[in-house]
Amino acid sequence: PYTYVNKDGLPDGFSIDLAKAVTRVMGMKLKVVVDTWERAKNTLKNGEIDLLPMMAYSEKRDKIFDFSVPHTIAYDAIFTRTDSPEIRSIKHIEGKKIIVMKNDQAHDYLLPTINFAPENIILIQGLPEALRLLASGKGDAALMPKLVGLIVSKNLNLTNLRKSPVIIEDYTRPFSFAVRDGNQLLSERLNQGLSIVKNSGQYDQIYKKWFGTIDPK
């Protein structure tokens, strides 16, 4: 729901609508292109594109990119099957097989903080794939943003996954616009646009459109 390709083959989602609103109020032209997460990060790093609309801040990424002020704070959750014991905290995943998206913030968080064998991490390229694997009996749990997991599991009708996943409070995902390192001018313009969009009520309208039925305010 944050960023995806819709049935017409066009980029869509919360972050796309937000990027359009911010660039529109700042009088900027926007062209959206579609790529994988890995290639998108590389093209931004190399200056082939100007921004990514939704990247979670981390100290590691801050060495490569510059970030706007956060526009959305998201919490991750542990998704499990209904026929398996519920995992109540991040500390209880040691010894479990955990599905995460490769180089996602959840992956970055797990590596230095949790002591478990590498073979217990199941790396995938997309979050729908993670939930499909979990529903099929692979792995013990999947770690991802709560709202994404709830919407994906609903859309895919994965009825054997828990409807109320355990929220991880050890870390959050402060999502921002990411720009190439040193592009302070663009970062400042995006910050100003975000301020206008939030104060004018446009942000609330966009949030309600994409998440209102899943996670009421």
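Residues numbered from 1 in each chain as written. Predicted model: local features only at pLDDT ≥ 70, side-chain atom pairs only at ≥ 80, totals over all residues. Heavy atoms only, no water.

### Considering the pairing of strand 3 (residues 51–56)
Strand residues, when the strand is regular, have side chains that alternate between the two faces of the sheet. Applicable threshold: Accessibility here uses a 1.4 Å probe with only protein chains present; expressed as a share of the type maximum, an area under 20% marks a residue as buried, one over 50% as exposed, and anything in between as partly exposed. Counting from the N terminus, the helices are the DSSP runs of H or I reaching at least four residues and the strands are the DSSP runs of E reaching at least two. Any two strands between which DSSP finds at least two bridges are classified as paired.
Of all 6 residues in strand 3, 6 are buried; the element is thus mostly enclosed. Bridge count between strand 3 and strand 9 (residues 166–180): 4 bridges; the pairing is antiparallel. Residue pairing in the sheet places Leu51 in a bridge with Val179 of strand 9.

### A word on the nonpolar core
Convention followed: Grouping buried Ala, Val, Leu, Ile, Met, Phe, Trp, Tyr and Cys residues that are joined through side-chain atoms within 4.5 Å yields what is termed a nonpolar core. Only heavy atoms matter for contacts: two residues are in contact if any of them lie within 4.5 Å across the pair.
The biggest cluster of nonpolar side chains holds 42 residues, and the ones touching the most others in it are Tyr2, Phe14, Leu18, Phe79, Leu131 and Phe177. The contacts of Phe79, once residues within four sequence positions are left out, are Leu131, Leu134, Asp140, Ala141, Ala142, Met144, Pro145, Lys146, Gly149, Leu150, Arg162 and Pro165. If you look at the next biggest cluster of nonpolar residues, it comprises 14 residues, including Ile87, Ile98, Ile121 and Leu143.

### Examining the side chain of Ser68
Looking at the secondary structure, you find Ser68 in the loop between strand 4 (65–67) and strand 5 (72–79). If sequence neighbours within four positions are ignored, Ser68 has contacts with Ser176, Phe177, Ser187, Asn191 and Leu194.

### Side note on unusual backbone geometry
Most peptide bonds take the trans configuration, and most residues that are not glycine carry a negative phi. Of note in this structure, Asn157 is not a glycine but carries a positive phi near 55 degrees. According to the relative accessible area criterion, Asn157 is exposed, its value standing at 57%.

### Looking at the packing of helix 1 (residues 14–25) against helix 7 (residues 184–199)
What counts here: All axes are obtained by fitting lines to C-alpha atoms, using only the stretch in contact for helices, and the reported angles, taken between N-to-C directions, cover 0 to 180 degrees. For classification purposes, an angle smaller than 35 degrees is called roughly parallel, one larger than 145 roughly antiparallel, one from 65 to 115 roughly perpendicular, and anything else oblique. In this classification, the charged set is Asp, Glu, Lys and Arg, the nonpolar set is Ala, Val, Leu, Ile, Met, Phe, Trp, Tyr, Cys and Pro, and all remaining amino acids, among them Gly, are polar.
Running from amino to carboxyl end, helix 1 crosses helix 7 at an angle of 105 degrees, the nearest separation of the two axes being 8 Å. Between helix 1 and helix 7, the interaxial angle falls into the category roughly perpendicular. Between helix 1 and helix 7, the residues in contact are Leu18, Ala21, Val22 and Val25 and Leu190, Gly193, Leu194, Ile196 and Val197, respectively. Of the residues in the contact of helix 1 with helix 7, the class split is 8 nonpolar, 1 polar and no charged.

### Looking at the confidence of the model for the protein chain
Rule in force here: As a per-residue measure, pLDDT reflects the predictor's confidence and takes values from 0 up to 100.
Scored by pLDDT, the protein chain has a mean of 89; 96% of the residues are at 70 or more. Across the protein chain, helix 1 holds the top mean pLDDT of 98, while helix 4 (residues 105–113) sits lowest at 71.

### Description of helix 6 (residues 146–155)
Burial analysis of helix 6 places 7 of its 10 residues in the buried class, which makes it a mostly covered element. Listing the buried residues of helix 6 in full gives Leu147, Val148, Gly149, Leu150, Ile151, Val152 and Ser153. Looking at the buried residues of helix 6, the elements they touch are strand 5, helix 5 (127–135), strand 8 (141–145) and helix 8 (202–211). Among the residues trailing helix 6, Asn157 stands out with phi positive, at a value near 55 degrees.

### Comments concerning the environment of Ile93
With respect to the helices and strands, the residue Ile93 is situated in the loop between strand 5 and strand 6 (98–101). Sequence separation between Ile93 and Asn120 is 27 residues; the distance between their C-alpha atoms is 9.8 Å.

### Re the packing of aromatic side chains
Filter applied, for reference: Here the aromatic set is Phe, Tyr and Trp, taking the six-membered ring for Trp, and pairing holds for ring centres within 6.5 Å; pairs whose planes are under 30 degrees apart are stacked, those over 60 apart are edge-to-face, and all others are tilted.
Taken as a whole, this structure holds 10 aromatic pairs when the rule is applied. Taking the centre distance of 6.1 Å and the plane angle of 80 degrees together, the rings of Tyr2 and Phe14 count as edge-to-face. Pair noted here: Tyr2 is in the segment before strand 1 (4–5) and Phe14 is in helix 1, with a separation of 12 residues, a long-range link. With a relative accessible area of 0%, Phe14 lands in the buried category. When the centroid spacing of 5.4 Å and the interplanar angle of 45 degrees are considered together, the rings of Phe14 and Phe211 count as tilted. Residue Phe14 is found in helix 1, and its partner Phe211 is found in helix 8; the two are separated by 197 residues along the sequence. Accessibility classification places Phe14 together with Phe211 in one group, the buried group.

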